[in-house]
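Single-letter residue listing:
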Amino acid sequence: MSHEAGALHGDFASLRPSWLGVPEDVNALVPDLWPANVERAAGTLHIGGLSVEKLAAEFGTPAYVFDEDDFRARCRAWTEAFEGADVFYAAKAFCSKAVLRAAAEEGLSVDVCTAGEIAVALAAGLDPARLGLHGNNKSLAELHQAVEIGIGRIVVDSLQEIERLDTIAGELGRRPMVMVRVNVGVEAHTHEYIATAHEDQKFGFSLADGDAYEAARRVAHADNLELLGLHSHIGSQIFDTAAFEVSAARVARLHAQLQTDLDITLAELDLGGGFGMAYTTQDDPQPPAVIAAALRRIVDRECAAASIDVPRLSIEPGRSIVGPSTFTLYEVGTVKPVTLSAGASRLYVSVDGGISDNIRTALYDATYSATLASRSSTATPALARVVGKHCESGDIVVKDEFLPADIAPGDLIAVPGTGAYCRSMGSNYNHVPRPPVVAVRNGEARVILARETVEDLLRLDLG
Ligand SMILES: Cc1ncc(COP(=O)(O)O)c(C=O)c1O
Ligand SMILES: N[C@@H](CCCC[NH3+])C(=O)O
């Protein structure tokens, strides 16, 4: 069945965002939105030479399809741009043994923020000294474990935590490396829920009211803690280099002030993560080299002004490394044209996943794109919305996209840019089991995170 009639009729322009143009070729893949090894061959989407139909037949849908070489190349792009600095892969973006191991093989350290993420890193065989532990409410057990196994750095987030950590370290006879998370007060241009350095939120110590200074002073004077340096992270999915620059300048100034006032040397300065990636044509991320040059320039300038040595830098990108490396493969179930005002219609394309495998659209109003993956089509582009199978009208995966008007049940569609904060924030709402992650490398596919099953869910239901 074709929905061509009406697809481009009526006042449909008012239904789509201004940046979304009608594509000349609805089968074309917008470069930069797809993992490096994805192409359309004989009509069908392929990754590393494997067709999505073959992947769907072998692993089922929905499935996250991960381009491992793309991920590794992005790891290297950050380590090369930040040569001489430490790059921590932020495991919260996506955490599995294979991915943490790959990051470590490419020379990255790993940022973890719970006992669960620590467990995966240890199970992957990572050296605890290459882990950094974050969190605004780490439990006593988490702090104890971190000190006991010799985690490389613990980023403290409250005065209570400094006391707790000092006590635990004393009891264990250890002296952990500590960083102080500074809230630099930068209003980052991103969704409110993923900005972390405006004043009214839970992370870090305020720079403006002196809390950060006091926290660093207390760590420096604690009996059992070693002050490694300061840490700042202003939020996530940020494109504005100026926001990173202002933040780096502020935290570098505090770094210099503490060195002078307390007559100590702070070995390291961590500038956090949050670098944006492209989800649609409206996103234009800066390459790592540009970001690195801008940040280095600021830190060098501040250190020169204070006549102090430039500290070792570290950063913590998550999304910008793993996000673009993955697409989600769905099967289309039902296709429903919905007539809206002025006679225009929108095609509701329902897929076999939804808010349970990608909550970002609902939670942050995030934008994604999609393509018909199992074949190409000569049909007219129709304004479509990709929705899930959940009992929730906000269950939207892709809010606005042009898909061929002949899209039909049984077709496969692919949504790129789903490597970060999709599987890791997944749920089993409506008892929909979480999809697997299938890694493709050297023309071979393997499951690195298994599909959850209904049996898994029933096992937890004790009656
Ligand atoms: C402390 C910290 N570091 C790193 C990250 C990673 O951010 P992103 O995935 O946006 O690079 C986050 C998440 O925002 C974070 O809270
Ligand atoms: N979960 C958020 C990012 C928060 C990152 C952690 N501080 C997202 O999907 O964009």
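In this text the structure is predicted, and so the values were computed from the model without any measurement.

Participant: For the packing of aromatic side chains, give the residues involved together with the corresponding values.
Facilitator: Between two aromatic rings, the relevant description is the distance of the centres plus the angle of the planes. Summed over all chains, the structure comprises 7 aromatic pairs. With centroids separated by 5.6 Å and ring planes inclined at 90 degrees, the aromatic side chains of Phe71 and Tyr89 adopt a geometry described as edge-to-face. Remark: Tyr89 occurs in strand E5 (residues 86-90) and Phe71 occurs in helix H2 (residues 68-81); sequence separation between them is 18 residues. Judged by relative accessible area, Phe71 falls into the buried class, the value being 0%. Since its relative accessible area comes to 0%, Tyr89 is described here as buried. Measuring from ring centre to ring centre gives 4.8 Å for Phe244 and Phe275, while their planes differ by 45 degrees; the resulting arrangement is tilted. Placement of the pair is Phe244 in helix H8 (residues 241-262) and Phe275 in the loop between strand E12 (268-270) and helix H9 (288-305), with a sequence separation of 31 residues. Ring pairs connect the aromatic residues Trp78, Phe82, Phe244 and Phe275, which therefore count as one cluster.

Participant: Describe in detail the UniProt feature "binding site: substrate" (unreviewed entry) in the protein chain, supporting the description with residues and values.
Facilitator: Following the UniProt record, the feature "binding site: substrate" (unreviewed entry) maps to Arg319, Arg360, Tyr364, Glu392 and Tyr421 here. For the residues just named, distributed over 103 residues, the greatest C-alpha separation reaches 26.7 Å, placing them at more than one site. Of note, Arg319 is situated in helix H10 (residues 319-322). Here Arg360 shows up in helix H11 (residues 360-364). Residue Arg360 is classed as buried on the basis of its relative accessible area of 2%. Polar side-chain contacts of Arg360 include one of 3.5 Å to the side chain of Tyr279.

Participant: Describe the site of ligand 1, and please don't skip the residues or the numbers.
Facilitator: In the vicinity of ligand 1, 15 residues are found, and the nearest of them are His233, Ser236, Glu316, Arg319 and Tyr421. One nitrogen or oxygen atom from the side chain of Glu316 is found 2.6 Å from a nitrogen atom belonging to ligand 1. Between ligand 1 and Arg319 there is a distance of 2.8 Å, counted from an oxygen atom to a backbone nitrogen or oxygen. Computed on the free molecule, ligand 1 has an accessible area of 390 Å², of which 93% lies beneath the protein chains in the complex. Its residues assigned to classes, the shell around ligand 1 shows 3 nonpolar, 7 polar and 5 charged.

Participant: Break down the site of ligand 2 for me, citing the residues and quoting the values.
Facilitator: The environment of ligand 2 is formed by 8 residues, the closest being Arg319, Arg360, Tyr364, Tyr421 and Met425. Arg319 is positioned with one of its side-chain polar atoms (N or O) 2.5 Å from an oxygen atom of ligand 2. In isolation ligand 2 has 310 Å² of accessible area, and contact with the protein removes 84% of it. Its residues assigned to classes, the shell around ligand 2 comprises 4 nonpolar, 1 polar and 3 charged.

Parameters at a glance
Along each chain, residue indices are assigned from 1 in the same order as the chain's sequence is written. All chains are assigned letters beginning with A, and all ligands numbers beginning with 1, in the order in which they are written. Under the rules for a predicted model, residues below a pLDDT of 70 receive no local features and side-chain atom pairs below 80 are neither given nor counted, while totals for whole chains, interfaces and linings still include all residues. As a rule here, side-chain values cover all heavy atoms of the structure and leave hydrogens and water aside. Stacked, tilted and edge-to-face are the three classes applied to pairs of Phe, Tyr and Trp rings, where Trp contributes its six-membered ring and a pair requires centres within 6.5 Å; stacked means planes under 30 degrees apart, edge-to-face means over 60, and tilted covers the rest. Think of it this way: any DSSP run of H or I at least four residues long counts as a helix, any run of E at least two long counts as a strand, and we number them from the N terminus. Here's how the labels work: a residue is buried when its accessible area is under 20% of the maximum for its type, exposed when over 50%, partly exposed in between, all with a 1.4 Å probe on protein chains only. UniProt positions are given in the numbering used here, feature names are shortened, and annotations may be inferred rather than shown by experiment. Definition of a polar contact: a pair of N or O atoms within 3.5 Å, with one able to donate and the other able to accept a hydrogen when the atoms are protein atoms, and with sequence-neighbouring residues admitted only if both atoms are side-chain atoms. We call a residue near a molecule or strand when any one of its heavy atoms sits within 4 Å of it. We get accessible surface area from the Shrake-Rupley algorithm with a probe of 1.4 Å; when it comes to residues, only the shown protein chains can shield them. Each residue is assigned to one class: nonpolar for Ala, Val, Leu, Ile, Met, Phe, Trp, Tyr, Cys and Pro, charged for Asp, Glu, Lys and Arg, and polar for all the others, Gly among them.

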